[in-house]
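Residues per chain are reported as follows:
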Amino acid sequence: MTFSKSGLVAVSLAVLVASGCSTSRFSSMDDQQPAPLQPAPAGKVTANQLPPPAAPGAADPSQFPTAPANTQVASAPPSDGSAPAGAADLTAASVAGVWNASVSGQSCKVATPQTKFGAGFRAGPLHCPAPIDGIKSWNVAGKQLTLYDENGGTLARLYSSSGSKFDGQTSNGQPISLTR
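The model shown is predicted, which means the values in this text are computed figures rather than measured ones. In this convention, every chain numbers its residues from 1, walking through the sequence in written order. Confidence filtering applies because this is a predicted model: local features only for residues at pLDDT of at least 70, side-chain atom pairs given and counted only at 80 or more, and all residues used for totals across whole chains, interfaces and linings. No hydrogens and no water enter the side-chain calculation; it runs on all heavy atoms of the structure.

(A) The arrangement of the confidence of the model for the protein chain in detail. Across the protein chain, the average pLDDT comes to 77, with 64% of residues at or above 70. Below pLDDT 50 for its whole length, residues 61–77 participates in 16 contacts with residues either more than four positions away or in separate chains. Think of pLDDT as the predictor's per-residue confidence, scored from 0 to 100. Two residues qualify as a contact provided that any one of their heavy atoms is within 4.5 Å of a heavy atom in the partner residue.

What follows is the structure in structure tokens.
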């Protein structure tokens, strides 16, 4: 006795449909009803007049928290080129990645992969304004991140002001920051 493939498929489907309709797996759930929910408490709604707004520029100091006394926050690098208080020692791994750069209020992206290049690592500015558009490499030394041009000249020096932010200035004195 031989069966065709289509006949075998048809018989198999008929068996599956018939067995699926007669299952008792869910019959015990039909008998169970969920417990009714308790109604939400109803309260009284009142309306009151808000106090008048404070004068422009006047703020209530009690609305703003104060920083703990023992917190050290890194600041912008001093003008003498030394590291700011609280700046962390850097590693190439802590700098590698893609950064949002801000140069004198203009934004762009800078890629800092750990690909060896010259005396440091390759860098790639993405739609950046001058002079950051000329970044070709970067390197770290102690607390300082230095960005270099194609001739190895320094374009900018930055210091870590937090785990995901660097602040500094370009060689011509423009403020620069990198954030993730």
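Okay, back to it.
(B) Expanded view of the sheet that holds strand S9 (residues 165–170). At least two bridges found by DSSP between two strands is the condition for calling them paired. Where helices and strands are cited, they refer to DSSP runs of H or I of at least four residues and of E of at least two residues respectively, numbered from the N terminus. Strand order in the open sheet made by the 10 strands is S3-S4-S6-S7-S8-S9-S10-S1-S2-S5, with antiparallel pairing throughout. Among the strands making up the open sheet, the edge pair consists of strand S3 (116–117) and strand S5 (124–126). With three bridges joining them, strand S2 (residues 106–112) and S5 adopt antiparallel strand pairing. For Lys-109, the partnering residue across the bridge sits in S5 and is Leu-126.

(C) Expanded view of unusual backbone geometry. Of the consecutive residues Ala-130 and Pro-131, the connecting peptide bond is found in the cis state with omega at 0 degrees. Take Pro-131: it is sitting in the loop between S5 and strand S6 (137–141). Of note in this structure, Ser-104 is not a glycine but carries a positive phi near 50 degrees. Following the sequence through the fold, Ser-104 ends up in the loop between strand S1 (97–103) and S2.

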